[in-house]
Amino acid sequence: QAHIVESGGGLVQPGGSLTLQCAPTTFSLEYFAVGWFRQAPGKEREAVLCISSSEGRSYYGDSVKGRFTIIRDADRTGVYLRMSNLKPEDTGTYYCAATASGACPDERDRSGAGMDVWGAGTVVTVSP
């Protein structure tokens, strides 16, 4: 049985930055693909960024390109989502999810279907 914990969310002003952390509690992410997803109030959950077991990176929307980056720890035990130039439309609950397949979701699977393990989420609020 696997578990993931996200942390790092909070309130930030537009233009600010946050780094979210994704960490397993009972297993290693070394050979997993790990993705970040978000859900705004009244909206469907959507994929944001994913990193594969081979370190390939997938973006799922033009809105975060140039602003968000996903990285692994040097020891490959954790995954981080670095966010900068935050906008009010970035507000939502951010979820970390992993799959032992090692491959990131296809563009058509932006809801995260196929991910094996999910965290409970961390809330990001971008507001003046």
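Overview of the structure. (Residues numbered from 1 in each chain as written. Predicted model: local features only at pLDDT ≥ 70, side-chain atom pairs only at ≥ 80, totals over all residues. Heavy atoms only, no water.)

## A few points about the overall build of the chain
In terms of regular secondary structure, the chain is built from zero helices and eleven strands. Helices and strands appear in the chain in the N-to-C order β-β-β-β-β-β-β-β-β-β-β. Here the C-alpha atoms of the chain give a radius of gyration of 13 Å, agreeing with the 14 Å that 2.2 N^0.38 yields for 128 residues. C-alpha extents for the chain along the principal axes are approximately 40 × 30 × 25 Å. Long-range pairs, those at least 24 residues apart, make up 58% of the contacts in the chain between residues at least 6 apart in sequence. (Helix = DSSP H or I, 4+ residues; strand = E, 2+ residues; numbered from the N terminus. Rg over C-alpha atoms; globule rule 2.2 N^0.38 Å. Contact = heavy atoms within 4.5 Å.)

## Considering the pattern of salt bridges
Summed over all chains, the structure comprises six salt bridges. Residues Glu46 and Arg38 are paired through a salt bridge, measuring 3.0 Å at the closest nitrogen-oxygen approach. Accessibility expressed as a relative area gives 30% for Glu46, which makes it partly exposed. The exposure class assigned to Arg38 is buried, which follows from its relative accessible area of 7%. (Salt bridge = Lys/Arg side-chain N within 4 Å of Asp/Glu carboxyl O. Buried < 20%, exposed > 50% of the residue type's maximum accessible area, 1.4 Å probe, protein only.)

## Looking at the state of the cysteines
Scanning all chains against the criterion turns up two disulfides. Between the sulfur atoms of Cys22 and its disulfide partner Cys96 the distance amounts to 1.9 Å. For the disulfide bridge between Cys22 and Cys96, the dihedral angle about the S-S bond is near -70°, and by the sign convention the bridge is left-handed. Taken together, the residues Cys22 in strand β3 (residues 18-24) and Cys96 in strand β9 (residues 92-99) connect sequence positions 74 residues apart. (Disulfide = S-S within 2.5 Å.)

## Topic: the pairing of β9
Most of β9 sits inside the fold, with seven of its eight residues counted as buried. Sheet topology places strand β4 (residues 33-39) next to β9; seven bridges connect them, and they run antiparallel. Its bridge partner lying in β9, Arg38 is registered against Tyr94. Two elements, β9 and strand β11 (residues 122-126), share three bridges in a ladder whose sense is antiparallel. Within the sheet, the bridge partner assigned to Thr93 lies in β11 and is Val123. (Pairing = 2+ DSSP bridges.)

## A closer look at the nonpolar core
Of all hydrophobic cores here, the largest spans 26 residues; its most connected members are Val34, Trp36, Phe68 and Met83. Those elements giving two or more residues to this core turn out to be β3, β4, β5 (46-51), β7 (68-72), β8 (79-83), β9 and β11. Sequence-distant contacts of Val34, defined by excluding residues within four places in its chain, comprise Cys22, Leu29, Leu49, Cys50, Ile51, Ile70, Arg72, Val79, Cys96, Ala97 and Ala98. (Core = buried A, V, L, I, M, F, W, Y, C linked by side-chain atoms within 4.5 Å.)

Shape is all these values report; function is a separate question.
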